[in-house]
Amino acid sequence: DTEVTQTPKHLVMGMTNKKSLKCEQHMGHRAMYWYKQKAKKPPELMFVYSYEKLSINESVPSRFSPECPNSSLLNLHLHALQPEDSALYLCASSQEPRGFSSYNEQFFGPGTRLTVL
Amino acid sequence: AQSVAQPEDQVNVAEGNPLTVKCTYSVSGNPYLFWYVQYPNRGLQFLLKYITGDNLVKGSYGFEAEFNKSQTSFHLKKPSALVSDSALYFCAVRDNKNTDKLIFGTGTRLQVFP
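Residues numbered from 1 in each chain as written. Chains lettered and ligands numbered in written order. Predicted model: local features only at pLDDT ≥ 70, side-chain atom pairs only at ≥ 80, totals over all residues. Heavy atoms only, no water.

Asker: What is the right way to read the overall build of chain B from this model?
Answerer: Looking only at helices and strands, one finds zero helices and 12 strands in chain B. Its helices and strands taken in sequence order, chain B reads β-β-β-β-β-β-β-β-β-β-β-β from the N to the C terminus. In terms of C-alpha radius of gyration, chain B reaches 13 Å, essentially the compact-globule figure of 13 Å for 114 residues. Pairs at least 24 apart in sequence give 56% of the contacts found in chain B among residues at least 6 apart. Split by element, the accessible area of chain B, about 5300 Å² in all, is 48% carbon and sulfur. Where the 11 positive side-chain charges of chain B centre and where its 9 negative ones centre are 5 Å apart. (Helix = DSSP H or I, 4+ residues; strand = E, 2+ residues; numbered from the N terminus. Rg over C-alpha atoms; globule rule 2.2 N^0.38 Å. Contact = heavy atoms within 4.5 Å. Areas by Shrake-Rupley, 256 points an atom, 1.4 Å probe, with all protein chains shown as cover. Lys, Arg positive; Asp, Glu negative; His and termini not counted. Charge placed at Lys NZ, Arg CZ, Asp CG, Glu CD.)

Structure representation (structure tokens):
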């Protein structure tokens, strides 16, 4: 299995809703990432997990809450989002986190298209 | 500051012709460089990377990239373009101050015409 899967593919939510995005990989990768991507722009890093521990939070608002229950799973919990949070949310994984073979390429999932009304 | 520049927003090429998508970088220390491709409403797909060694790197789908240290460039090339190569291409460099991070360029849209 050489892919990163993300669910759901599309999500529409109101500003008062609570929802979660899910990401899964079975490649044995120990680093996992959340990115936000606006149309025709490069991905913006949000969070990095290394060996199931949060290693980077790019000053993301607390209405986004990441969780890494195990080495294969990464969740992003959403609460009280704003319309400007509408974007494509991408999950990625790579073989080893920093300090090791940290030039390993990242494998991206297909993304969740989020619309906040 | 570490950065990646993709000077062209869009590159147009006829099918069968060679294509080049440009990328220049600025990093402290050794550069670790990557190319990714993104098709509409999809995630990014890894094409190739330069870590060390041979300046000409071969990757997926017939793409290759040439690393030029003196010009701090890492241009993506393909000898014969296909219509199906039409997509958004991102160059990226590893952030050597925070090695978990990739610094992406702004992207170049490649349009291959039949």
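Asker: Hey, could you run me through the nonpolar core in this one?
Answerer: Counting 28 residues, the largest nonpolar core has Trp35(B), Leu47(B), Leu48(B), Phe74(B), Leu76(B) and Tyr89(B) as the members making the most contacts within it. If you list the elements that add at least two residues to this core, you get β2 (10–14), β3 (19–21), β5 (33–38), β6 (44–50), β8 (64–68), β9 (73–78), β10 (87–94) and β12 (108–113) of chain B. With four residues, β10(B) is the largest single contributor of residues to this core. Formed by 22 residues, the second largest nonpolar core is a distinct cluster that contains Cys23(A), Leu74(A), Ala87(A) and Cys91(A). (Core = buried A, V, L, I, M, F, W, Y, C linked by side-chain atoms within 4.5 Å. Buried < 20%, exposed > 50% of the residue type's maximum accessible area, 1.4 Å probe, protein only.)

Asker: How do you make sense of the sheet that holds strand β1 (residues 4–7) of chain A when you look at a structure like this?
Answerer: Backbone hydrogen bonds hold the strands of a sheet together, and the pairing may be parallel or antiparallel. Residues and elements named next belong to chain A. The four strands lie next to each other as β1-β3-β8-β7, forming an open sheet whose pairing is antiparallel. Bordering the open sheet on either side are β1 and β7 (64–70), each of which pairs with just one other strand. The sheet shows a mean angle of 20° between the axes of neighbouring strands, taken without regard to direction. Direction of pairing for β7 relative to strand β8 (residues 73–79): antiparallel, over a ladder of five bridges. The partner of serine 65 across the bridge, within β8, is histidine 77. (Pairing = 2+ DSSP bridges. Axes fitted to C-alpha atoms, helices over the stretch in contact; angles between N-to-C directions.)

Asker: Any chance you could explain the interface of chain B and chain A here in plain terms?
Answerer: Listed per partner, the contact involves 22 residues of chain B and 27 residues of chain A. In this assembly, chain B packs against chain A so that about 1900 Å² is buried in total across both faces, 54% of it on carbon and sulfur atoms. For the chain B face of the interface with chain A, the top three residues by lost area are Leu44(B), Asp100(B) and Phe104(B), together amounting to 29%. Lys49(B) is the partner of Glu105(A) in a salt bridge, and the nearest nitrogen-oxygen pair spans 2.7 Å. Counting every contact that joins chain B to chain A gives six residue pairs in polar contact (both at pLDDT 80 or more). Secondary-structure elements contributing two or more residues to the side of chain B that touches chain A are β5, β6, β10 and β11 (102–104) of chain B. Its residues assigned to classes, the side of chain B that touches chain A shows nine nonpolar, seven polar and six charged. (Buried area = accessible area lost by both parts, 1.4 Å probe. Salt bridge = Lys/Arg side-chain N within 4 Å of Asp/Glu carboxyl O. Polar contact = N/O pair within 3.5 Å; in protein donor to acceptor, adjacent residues only side chain to side chain. Nonpolar A, V, L, I, M, F, W, Y, C, P; charged D, E, K, R; others polar.)

Asker: Can you help me understand empty space enclosed by the protein in this one?
Answerer: Empty pockets left among the atoms are what a rolling probe the size of a water molecule brings to light. All names here are of chain A. Following the criterion strictly, the structure yields two cavities of 30 Å³ or more and no others. Its boundaries defined by the atoms lining it, the second largest cavity holds a volume of some 30 Å³. Together, His29, Arg30, Met32, Tyr49, Tyr51, Glu52, Cys68 and Ser71 line the second largest cavity. The residue inventory of the lining of the second largest cavity, partitioned by class, reads four nonpolar, two polar and two charged. (1 Å grid on protein atoms, 1.4 Å probe; cavity = no way out; pocket = protein on both sides within 12 Å on 5 of 7 lines; lining within 4 Å. Points joined across faces, edges and corners; volume = space filled by probe spheres on them.)

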